[in-house]
Amino acid sequence: MRNLIVILMGGLSGERKISFLTGKACSNALKKKRYKVKELDAKGYFVDKLRKLKPKLVFNALHGRYGEDGFVQSILESLKIPYTHSGILSSSLAMDKELSRHIFKKHKIKVPKYFLLHKDYEDNFKKKMKNKKIKFPIVIKPINEGSSLGVYICKNKIQFYKNYKKLKKEYDRILVEEYIPGKEIQAAVMGKKVLGAIELIPRREFYDYKAKYSSSAKTKHIMPAPLAPKKYKEVLFLAKKAHNLLGCRGITRSDFRFFKNKFYLLEINTQPGMTKLSLVPEIANYSGIKFEDLVVWMVKDASSNR
Ligand SMILES: Nc1ncnc2c1ncn2[C@@H]1O[C@H](COP(=O)(O)OP(=O)(O)O)[C@@H](O)[C@H]1O
Ligand SMILES: [Mg+2]
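Just so it is clear, the structure is predicted and the values come from calculations on it, not from any experiment.

Trainee: Now, about the sheet that holds strand β3 (residues 57-60): what can you tell me, with residues and values included?
Mentor: Reading across the sheet, the three strands line up as β2-β1-β3 and stay open at both edges, with parallel pairing between neighbours. One side of each edge strand has no neighbouring strand; the edge strands of this open sheet are β2 (36-41) and β3. For this sheet, the mean angle separating the axes of adjacent strands, direction not counted, is 30 degrees. Across the sheet, helix α1 (residues 16-32) lies against β1 (4-9), β2 and β3, angled at about 160 degrees from β1, the strand it touches most.

Below you can see the structure in the form of structure tokens.
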């Protein structure tokens, strides 16, 4: 159908549920703006369905593996269907917390001290901790997840081994990094513009899945992030730099820790949450961009060969 927008949502990742929320919110926004939309679960034979639907473009509302890591992007490129957000390579790089860090570090963006453990090789945890001069508490996480799934703060060796054992069952590569105390700051970029930065104050141990998505967890959102003007500018600059370094497109959200006057980039998200309660919409709203208009901008920004 000539004017149809297909919203790809759901999918196969651990963030399937959140993706439906993102997809529904964006679908409703586009319907309000009188676009013709169809929601499609990116599971099973969805490629056949997509081919038959012949949409004008795809709105990618997927999060996590297969949707945020270049996989679905390469399908859309090969079908020559324009799509929203970042392209194949940027998505793959951003989804891989280790690969993207090489690029960030090379370009002087600070990241936490870290090392990698691979489940199939000799782990050498102790030696690596010593070499990198990392002390407890530490954070361990898969290199390619989202929504804080599989993120564990470990205060000692016992906690580390317990959680590492859990992660090893599901993931090949696991990041071990120093715990950065301080503030949780996230900044949003929209194309060539940087929109703003927000501070999150979770009431839980950290900004975990519940703190992110459950209103009963009562995470405090402070928009704009209460930073000295120079520091506020700095975090916006860093978010834009990270976005450009990886060649991202559309909207992205970069997650930082702010400690002792320094920003540490944890990751950049190429498919940030777009529910009405998500952070990018909140940041955009503060700079005068309504949710519907943000979604329409994303649709107009869609293309192939990204
Ligand atoms: N090195 C760290 N120091 C302190 N907190 C961290 C660290 N790494 C992760 N966290 C906490 O875990 C959350 C999720 O980590 P992140 O690396 O952004 O992974 P995800 O892709 O799951 O969002 C962060 O927002 C932060 O609250
Ligand atoms: Mg994050």
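So much for the structure itself; the text now carries on.
Trainee: Got a sec to walk through the site of ligand 1? Specific residues and values, please.
Mentor: Around ligand 1 lies a shell of 19 residues, among which Val139, Gly146, Ile180, Tyr207 and Leu266 are the nearest. Listing elements by their share of the shell around ligand 1, those giving two or more residues are β5 (138-142), β11 (251-259) and β12 (262-269). In terms of residue class, the shell around ligand 1 is made up of nine nonpolar, three polar and seven charged. Viewed by domain, the shell around ligand 1 spans two of them, domain 2 (93-109 + 182-301) and domain 3 (114-178), each represented by three or more residues.

Trainee: Residues and numbers for the nonpolar core, please.
Mentor: Grouped together as the largest cluster of nonpolar side chains are 65 residues, with contacts concentrated most on Ile7, Leu8, Cys26, Ala188, Val235 and Leu265. Broken down by element, this core gets its largest block of residues, six residues, from α1. If you count residues domain by domain, this core takes at least three from each of domain 1 (4-84) and domain 2 (93-109 + 182-301). Membership of the second largest hydrophobic core comes to nine residues, among which are Ile140, Val151, Leu167 and Val176.

The rules we used
- Position numbers for residues count from 1 along each chain, tracking the sequence in the order it is written.
- As they are written, the chains are lettered A onward and the ligands numbered 1 onward, keeping that order.
- In keeping with the predicted nature of the model, local features appear solely for residues at pLDDT of at least 70, side-chain atom pairs appear and are counted solely at 80 or more, and the whole-chain, interface and lining totals rest on all residues.
- Whether two strands pair depends on DSSP finding at least two bridges between them.
- Helical segments are the DSSP runs of H or I of at least four residues, strand segments are the runs of E of at least two, and each set is numbered from the N terminus.
- Axis lines are fitted through C-alpha atoms, for helices just across the contact stretch, and the angle between N-to-C directions can take any value from 0 to 180 degrees.
- The contact criterion used here is simple: two residues whose C-beta atoms, placed from the backbone, lie within 7 Å are in contact.
- Placing the C-beta atom from the backbone, one calls a residue near a molecule or strand if that atom lies within 6 Å of it.
- All residues other than Ala, Val, Leu, Ile, Met, Phe, Trp, Tyr, Cys, Pro, Asp, Glu, Lys and Arg, Gly among them, are scored as polar; the first ten of these are nonpolar and the last four charged.
- Reported domain spans reflect what an automatic or database domain assignment gives.
- Working definition: the nonpolar core is a set of buried Ala, Val, Leu, Ile, Met, Phe, Trp, Tyr and Cys residues, joined through C-beta atoms within 7 Å.
- Between the buried cut of 20 or more and the exposed cut of 12 or fewer other C-beta atoms within 10 Å of a residue's own C-beta lies the partly exposed class, and all C-beta atoms are placed from the backbone.

Read these as layout, nothing more, since geometry by itself doesn't imply function.
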